[in-house]
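Now for the letters of each chain:
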Amino acid sequence: MKRWELGRTVARGLFCAALACASLGCEQSASQSDAEAALDPSLSQYVLSELPSDVPNRTYIDFGGKVALVGYAIEPTGVAAPGSHVKLTLYWQSLGKLGPGWGLFTHLVIPHRPHRLLDSAGPLRKSVPAAGGGEHQALGPSAWEVGKVYVDPLEFDIPPDVRVPELTIVAGVWRDALRVVKDGEPEDPKLALPGLRLPVLSGAVDDMQRAIVLHIETGIPAQAPPTVPSALAKAPTMKAAVKIQNGANGAR
């Protein structure tokens, strides 16, 4: 087998194995830093035994049978005009144990613009040093206790120059990209495997495997497509007028 074929085969096999582990929960032990984060007293207020009865919006979005988004609250409750400050609280429930490295992501989707990342917003998502190097979320899904509900408060601003009637909040559970490193050789970026996202098993989802949580109205009226006055719509174009003129003169 050629070397590049072998590399591609290994990468494909590892990627499939990673997906299988994510769905079957074969990574059962969290890292030491994950366990310590779960016991951090400053984060205990965000861990509940059940969903509060006063959560205004109840949902059930299932991510791979491991995590569910079970509710949310948002302020303001009506229109969030451009430039306004928004407080969004997501309520997650752990359904099954995940291995190390899993985190939450949330994006503010603005039509015709790059989405805004809210992945590091809030106390659960703040970056802290990981035991093996690098960083991870302070209390991400890898450190969650099955059955518990986790309160995830986020705050962000609506861009002041928004000119669309509606924005969208999408969310999910993801893990950093895996990389294939050969012994005695530098890392080959071509063998980097993409990051993983838990599949959305219930609830609305977009084509990027992101759950559609809610839509935010901005109060900006929808713009109707520009109309052409009827007199102009019936008038011949410049090229058509030239053809008509040429035709009258017998030109070809």
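Quick caveat: nothing in here was measured; it's all calculated off a predicted structure.

Observations regarding the overall build of the protein chain
Of regular secondary structure, the protein chain possesses 4 helices and 13 strands. A buried classification covers 36% of the 252 residues belonging to the protein chain. Restricting the contact set of the protein chain to residue pairs at least 6 apart, pairs at least 24 apart contribute 69%. Surface accessibility of the protein chain: about 14600 Å² in total, with carbon and sulfur atoms responsible for 57%.

Points about the sheet that holds strand β12 (residues 200–202)
Spatially, β1-β9-β4-β3-β2-β12 is the arrangement adopted by the 6 strands of the open sheet, whose pairing is antiparallel. Strand pairing shows two members of the sheet lacking a second neighbour, β1 (47–48) and β12, which therefore form its edges.

Things to note about the pairing of strand β9 (residues 149–157)
Sheet topology places β1 next to β9; 2 bridges connect them, and they run antiparallel. Within β9, the residue paired with Leu48 across the bridge is Val149. Where strand β4 (residues 85–94) lies against β9, 9 bridges are found, and the strand directions are antiparallel. Bridged to His85 within β9 is Asp157.

With respect to the nonpolar core
Counting 49 residues, the largest nonpolar core has Phe63, Leu88, Trp92, Phe156, Ile169 and Val173 as the members making the most contacts within it. If you list the elements that add at least two residues to this core, you get β2 (57–63), β3 (67–75), β4, β5 (102–109), β9, β10 (166–175) and β13 (211–217). When residues in this core are grouped by element, the largest group, 6 residues, is from β3. Residues in contact with Ile169, not counting those within four places in the same chain, are Leu88, Thr106, His107, Leu108, Leu118, Phe156, Ala211, Ile212, Val213, Leu214 and Ile216.

What about the pattern of salt bridges?
Following the criterion strictly, the structure yields 3 salt bridges and no others. The partner of Asp152 in a salt bridge is Arg125, and the shortest N-O contact between them spans 2.7 Å. Highlighted residues: Asp152 in strand β9 and Arg125 in the loop between β6 (116–117) and β7 (127–129), separated in sequence by 27 residues. Each member of the pair, Asp152 together with Arg125, is buried.

Digging into the pairing of β2
It is a general feature of regular strands that their side chains alternate between the two faces of the sheet. The pairing of β2 with β3 spans 5 bridges and is antiparallel. In the strand pairing of β3, Ile61 is matched with Leu69. In textbook terms, the turn of a hairpin is the stretch between consecutive antiparallel strands, and for β2 and β3 this stretch comprises 3 residues, one of which, Gly64, has a positive phi near 60°. Relative to β12, β2 is paired through 2 bridges, and the arrangement is antiparallel. Looking at the pairing, Phe63 lines up with Val200 of β12.

Quick word on the packing of aromatic side chains
Counted according to the given criterion, the structure contains 2 aromatic pairs. For Arg197, the ring lying beneath its charged end belongs to Phe105, and the centroid distance is 4.5 Å.

Brief notes about the side chain of Ser142
Residue position: Ser142 is located in the loop between β8 (135–137) and β9. On the accessibility criterion, Ser142 (2% relative accessible area) is buried. In this structure the side chain of Ser142 is engaged in a polar contact, spanning 3.2 Å, whose partner is the backbone nitrogen of Gly101.

Things to note about the side chain of His107
Residue placement: His107 occurs in strand β5. Side chain to side chain, His107 and Arg210 meet in a polar contact 3.2 Å long. When neighbours within four sequence positions are excluded, His107 is seen to be in contact with His115, Arg116, Leu117, Asp119, Thr168, Ile169, Val170, Arg197 and Arg210.

Cut-off values and rules
Residues numbered from 1 in each chain as written. Predicted model: local features only at pLDDT ≥ 70, side-chain atom pairs only at ≥ 80, totals over all residues. Heavy atoms only, no water. Helix = DSSP H or I, 4+ residues; strand = E, 2+ residues; numbered from the N terminus. Buried < 20%, exposed > 50% of the residue type's maximum accessible area, 1.4 Å probe, protein only. Contact = heavy atoms within 4.5 Å. Areas by Shrake-Rupley, 256 points an atom, 1.4 Å probe, with all protein chains shown as cover. Pairing = 2+ DSSP bridges. Core = buried A, V, L, I, M, F, W, Y, C linked by side-chain atoms within 4.5 Å. Salt bridge = Lys/Arg side-chain N within 4 Å of Asp/Glu carboxyl O. Phe/Tyr/Trp six-rings, centres within 6.5 Å; stacked < 30°, edge-to-face > 60°. Lys NZ or Arg CZ within 6 Å of the ring centre and 35° of its normal. Polar contact = N/O pair within 3.5 Å; in protein donor to acceptor, adjacent residues only side chain to side chain.

It is worth stressing that arrangement in space is one thing and function is another; only the former is reported here.
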